[in-house]
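Read off the chains here:
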Amino acid sequence: MKLGKLLHQSKVLFLAATSLVLLAGCGRSQYVVLDPAGPVAQKQYDLIILSVILLAVFIIPVLIFFAYVVFRYRDKPGNRAMFKPEWDDNKTLEVIWWSIPILVIGILSFFTVRDTFALSEPPSKEGKPMTIQVTSLDWKWLFLYPEQGIATVNYVKIPTNTAVNFELTTDAPINSFWVPQLGGQKYTLPGKVLNLWLQADKEGSYYGTANNFSGEGFTEMKFQVIAEPKQRFDKWIEQIKETSPELTLKDYAVLRKPGLVEKQQYSSFPPNLFNDILDKNGGQYYKSIQTKEQTSIRQN
Amino acid sequence: MFENIKKFASEFFVTGNSLIYAADVSIVLTSLVIVFVLTYYKKWGWLWREWLTTVDHKKIGIMYLISALLMLFRGGVDALLMRTQLAFPNMELLNSEHYNQIFTTHGTIMILFMAMPLMFALFNLVVPLQIGARDVAYPFLNAVSFWLFFFGAMLFNLSFVIGGSPDAGWLSYPPLSENNFSPGPGQNFYIWGIQISGIGSLATGINFFVTILKMRAPGMSLMKMPLFSWSVLSSCIIILFAFPILTVTLGLLFVDRFFGAHFFTLDGGGNPMYYINLIWMWGHPEVYLVVLPAFGVFSEVVSTFTKKRIFGYKSMVFALVSISILSFFTWVHHFFTMAGTTADAFFAVTTMAVAIPTGVKVFNWLFTMFRGRIQMKTPMLWTIAFIPTFLVGGATGVMLAVAPADFQYHNNYFLIAHFHQVLIGGVVFGFFAGIYYWWPKVFGFTLNEHLGKWAFWLWNIGFYTTFMPQYALGFMGMPRRSYTYGWDMGWWPLNFVSTVGAFLMGAGFIFQVWQILYSIKHRDNLRDLTGDPWDGRTLEWSIPSPAPVYNFAVIPRVEVRDDWWYKKQKGVHKKIGAKARNYKSIHMPKDSGIPFIMGLFWFVAGFGFTFEWVWVGVSGLIGVAVSMLARYFQQHTDYYISAEQVEATEALIGGAKG
């Protein structure tokens, strides 16, 4: 095997791969994870970039050294590089390469732990946060607005510059609720509420998707998150209240059946619907913990 | 009557898909050809005596190897079907249901029925030879392990044509995998196929743990043991603690489904999160236990093909053992998006900590090459390809461990790219290196290097072409397990490139099959007459290739690490080889048909419970109990090879030199 050829081929390969990756997406907008539109996604984006830089600083010199070693010490007649077959121990070197990864991991751990705790808090302190209750169904998303009293299916509108507390559960298999441009995802678990704070600083329509496999219609479980200034958002609420039908328990029973539906909106929903969904899925076994969590979040 | 049969058959057999009909036909034809060949050449007796009843670790290793390669083919076809479906938006090759079955079987087969048996193949083929033993500690149990794996795998694969395949993902989270959402035999095939082979895996773990601790040649202290054996020991430690968890978890899921219990559903006080925790308490250690032996292979290969002692042996041992311990403290990173804040922080740090010993190992491999002489033989090529692949794969692993960032990577193609990069770049490359390295020891001839290099390049180019675009797809928000996507998402160019790469890897596999067949045909030119084709360092190279049934005519006395290398340096082996040796009779285990029959009964039991035909299941279990009793009352389970016979054999095969 010619080593020059090996190096050349890997270089060509690398260039081809990079250019394909770059060509394939027409600009950053398609890379939704790298295009944050709110403080949560921004914080996660910063961490992604930080980890890439830290790791690159570690990996790239090692890769270069690796290429050098493979080239320099290949077994070829006339290769005059040093050959020390019995050399197998060097305390200084060992100490160095135990400490380098420890250092890299140490720094990264610090930022990880800091942001893990930071992201469990509401993203902005100013303004009143709002709550939206999310239920994943087979195979659609139901959004309830407990404060406004309306409900939507497969799309959700939120006001910009407002921290939104998404309370997630499921009335179907476990799923995951993900809006890449606004921030990461959380699972929807039966009988239990998990909280996900998201906030949009920019107006726009954001791609949301189911992200944990839940059966036949999983792939089609996409939804839209539309962020609008507060005034337009309020107007939209009013409009829905005036023009849309109610969501009755009967409607919900139909909605719950496995299948796909278009976007829907409802002017009202049975007041206890979310709690009933939780209880039906065994929420009573969680009750004591959940009430505590809910109160602490509401206080925030 | 006829109507009833027709109705039964339409539910029993998988119908309605031309791909499956084609598979049905090819399965029937292949079986007929095998039966015909065996009958025509009167080979049934040979098959039974030489293979089905054997307790010889070398033959069991070969059977593991063949099964694993067949499963690699099956899992690979699954992968190609998925990639073809995703090559263009809105493809209609597979519908959602079919796609879901295929990604479930692909994952399950590749981890449990490909990587595991390939690893056990290397355990069996190498460990006893490397530590100077005549067999494993429990040869009979070893055969039981193999047949449990084999029949478990057969049961799982049967779901393809009978009853329908499982479709709830390779770890089958409840409630999706419970009766409400996945009724019918598919999910039962999953439970029983894995359960039966899992018991075999646990037994193998125990077997090699004891073998390595108790059966090393005199003088071989643990710190003189080759690193591959060390990696197997570390891997066995993980098996011992992890596999019981799997057995219990699947057992509980079965009780839920069969008896209507509520271990994993909230409506009776259970909880699906119990399952998710338990399955990952097994699942994460599982992926480390398959990669550790690959690390062991790289250590042997690097040392042999650079003609140099392994650098930092003690560090390497310490790293292996610490990875096997750390592997039990990372499982929550599979569901950061479900756990609490404190748990996330804790498990993020423990996960990143794994990178420390792994990084150290990379440095030690690098410094073994440094100031060595690198021979570019196929085992070494795979090792060289492994290092950059694993470095980058490890780095993306650390990225995933950054919990808040993981909220953006979880369950999308970034994750898919990462774990394929470490599992293919680490485990598959490692086991390939191992197969190429020890092939001459097992079969007595080397593999054609030229075809091997073709396979190597196709695999590597294919690998990068497949998985680099998938990282980008993750950033574009493509969820794993999507069976299709629209033109509007902008995902298709990268998906198309990825599909091309998958087919390149497929071509690489075909080249490997060709390489093996070609080398078998030309084996006379490729014969390894020395027993030591690579100028090796460890004990397995001191005996003829292939090794005689008793491995070592005289058990060697080990003085230093890389004992065989230094014996060669001093010329000791020639002196001993020259004079006639004082052979003694050798105590060996007798072959037995019971492991095969017991495996068959397990298959019957699993099949019965899969279709909830209780009487079939129970009679299978009774059969298992009867086979155990039969073994219990067996008297003559061993025999002696006489000294004269050993002498005759040694004269014939050129004799041991060590």
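Below, the structure is looked at part by part. (Residues numbered from 1 in each chain as written. Chains lettered and ligands numbered in written order. Predicted model: local features only at pLDDT ≥ 70, side-chain atom pairs only at ≥ 80, totals over all residues. Heavy atoms only, no water.)

What follows is about the packing of helix α3 (residues 91-118) of chain A against helix α11 (residues 341-369) of chain B. Relative orientation of the contacting elements α3(A) and α11(B) amounts to 160°, with a least axis distance of 9 Å. Taken as axis vectors, α3(A) and α11(B) run roughly antiparallel relative to one another. Between α3(A) and α11(B) the crossing geometry is right-handed. Split into classes, the residues belonging to the contact of α3(A) with α11(B) amount to 20 nonpolar, six polar and two charged. (Axes fitted to C-alpha atoms, helices over the stretch in contact; angles between N-to-C directions. Helix = DSSP H or I, 4+ residues; strand = E, 2+ residues; numbered from the N terminus. Parallel < 35°, antiparallel > 145°, perpendicular 65-115°, else oblique. Left-handed = near helix turned anticlockwise from the far one by under 90°. Nonpolar A, V, L, I, M, F, W, Y, C, P; charged D, E, K, R; others polar.)

Residues and elements named next belong to chain A. When you tally the buried positions in strand β10 (residues 222-228), you get five out of seven residues, the bulk of the element. Two strands pair when backbone bridges link them, and strand β9 (residues 204-210) and β10 are joined in this way by six bridges, in the antiparallel orientation. Bridge pairing links Tyr206 to Val225 in β10. (Buried < 20%, exposed > 50% of the residue type's maximum accessible area, 1.4 Å probe, protein only. Pairing = 2+ DSSP bridges.)

When two helices pack together, their arrangement is given by the angle between the helix axes and by the axis-to-axis distance. Residues and elements named next belong to chain B. Contact geometry for helix α4 (residues 57-87) and helix α5 (residues 96-130): axes closest at 7 Å, N-to-C directions at 155°. Relative to α5, the element α4 lies roughly antiparallel. Pair α4 / α5 crosses with left-handed handedness. Class assignment for the residues of the contact of α4 with α5 results in 25 nonpolar, eight polar and three charged.

This part covers the pattern of salt bridges. Residues and elements named next belong to chain A. Under the counting rule described, the total for this entry stands at 16 salt bridges over all chains. We note a salt bridge from Glu203 to Arg232, for which the minimum N-O separation is 2.8 Å. Of this pair, Glu203 sits in the loop between β8 (194-198) and β9 while Arg232 sits in helix α4 (residues 230-243); the two residues are 29 residues apart in sequence, bridging distant segments of the chain. With relative accessibility at 47%, the residue Glu203 sits in the partly exposed group. (Salt bridge = Lys/Arg side-chain N within 4 Å of Asp/Glu carboxyl O.)

Now for the interface of chain A and chain B. The interface is formed by 92 residues belonging to chain A together with 101 residues belonging to chain B. Taking both sides of the interface into account, the surface hidden between chain A and chain B amounts to around 8,500 Å²; carbon and sulfur atoms contribute 73%. The closest approach of N and O atoms between A:Asp88 and B:Arg309, which form a salt bridge, is 2.9 Å. Inspection of the chain A/chain B interface yields 29 residue pairs in polar contact (both at pLDDT 80 or more). Where the side of chain A that touches chain B is concerned, the elements lending two or more residues are α1 (3-24), α2 (39-72), α3, β7 (183-188) and β9 of chain A. (Contact = heavy atoms within 4.5 Å. Buried area = accessible area lost by both parts, 1.4 Å probe. Polar contact = N/O pair within 3.5 Å; in protein donor to acceptor, adjacent residues only side chain to side chain.)

Nothing here speaks to function; it is all geometry.
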